[in-house]
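Here is what each chain is made of, one letter per residue.
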Amino acid sequence: MASTPTLAARCRLDRLQAIVEIGVHRYDPAAPAASIPIRQYRALIDTGATKSCLTYRTIGSEQLVRHGRKLVKNVHNQNLHGLYMATIGIVATHRIFGGEFEPSPSYFGLPGPVELMDIADNDRFDAILGMDVLQHHSFEFARDGEFMLLLP
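The rules behind these values
- Residues numbered from 1 in each chain as written.
- Predicted model: local features only at pLDDT ≥ 70, side-chain atom pairs only at ≥ 80, totals over all residues.
- Heavy atoms only, no water.
- Disulfide = S-S within 2.5 Å.
- Buried < 20%, exposed > 50% of the residue type's maximum accessible area, 1.4 Å probe, protein only.
- Core = buried A, V, L, I, M, F, W, Y, C linked by side-chain atoms within 4.5 Å.
- Helix = DSSP H or I, 4+ residues; strand = E, 2+ residues; numbered from the N terminus.
- Phe/Tyr/Trp six-rings, centres within 6.5 Å; stacked < 30°, edge-to-face > 60°.
- Lys NZ or Arg CZ within 6 Å of the ring centre and 35° of its normal.

S.K.: Go over the state of the cysteines, please, and point to the residues and values.
M.R.: Within the structure shown, the criterion is met by zero disulfides. We note that Cys11 lacks a disulfide partner, and the nearest cysteine sulfur, in Cys53, lies 19 Å from it. Among the residues examined, Cys11 registers a relative accessible area of 16% and is labelled buried. Under the relative-accessibility criterion, Cys53 is labelled buried at 5%.

S.K.: Now, about the nonpolar core: what can you tell me, with residues and values included?
M.R.: One finds Val20, Ile22, Ile45, Ile88, Leu129 and Leu149 to be the most contacted residues of the largest nonpolar core, which totals 28 residues. Of all elements in the fold, only strand E1 (6-12), strand E2 (19-26), strand E3 (39-45), strand E6 (78-97), strand E8 (114-119), strand E9 (127-129), helix H2 (131-134) and strand E11 (146-151) reach the threshold of two or more residues within this core. For this core, the leading source of residues is E6, giving five residues. Counting nine residues, the second-largest nonpolar core is a separate cluster that includes Leu44, Ala49, Cys53 and Ile128.

S.K.: Report on the packing of aromatic side chains, specifying residues and quantitative values.
M.R.: The relation between two aromatic rings is expressed through the spacing of the ring centres and the mutual angle of the planes. Under the defined criterion, the tally for this structure stands at two aromatic pairs. Ring centres of Phe139 and Phe141 lie 6.3 Å apart, and the angle between their planes is 85°; on these two criteria the pair is classed as edge-to-face. You can call Phe139 partly exposed: its relative accessible area is 26%. Accessibility expressed as a relative area gives 45% for Phe141, which makes it partly exposed. Consider the rings of Phe141 and Phe147, whose centres lie 4.8 Å apart with planes at 45°: the pair is tilted. Members of the aromatic cluster, each reached through a chain of ring pairs, are Phe139, Phe141 and Phe147. Just above the ring of Phe101 sits the side chain of Arg10; from NZ or CZ to the centre is 3.8 Å.

Remember that the coordinates give geometry; whether it matters functionally is a separate question.
Structure, rendered in structure tokens:
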């Protein structure tokens, strides 16, 4: 029986941060699928975040429309954040087949839209992937700084 290849986003930790490439596209319930090409952005993997986020700059680039607000409390303060719907996907860098890694850049789109929250712009990343998205994937951090997010 032949095994099915698995897609993976592999990278090295950058300043102790796991950052992968994602695609973001404005969600339109009337459209059958996101149009190609999909712009790519840098996303921080954050297991401490319950909700995925996009920076103001990314929201503007994709012309996302705010549909609500949410009060978010953290250890420092509380703020209102805008809520947006978008289709997102993760850029796979490799295919794993029989335990071997083969370079295979491809795009793994999530099956439905994701509600995203806005965050301030920064120079390191354009988005945060929180546990609302990460709970559907397996991921590994290696001691040598290698990181892998397995895509089903």
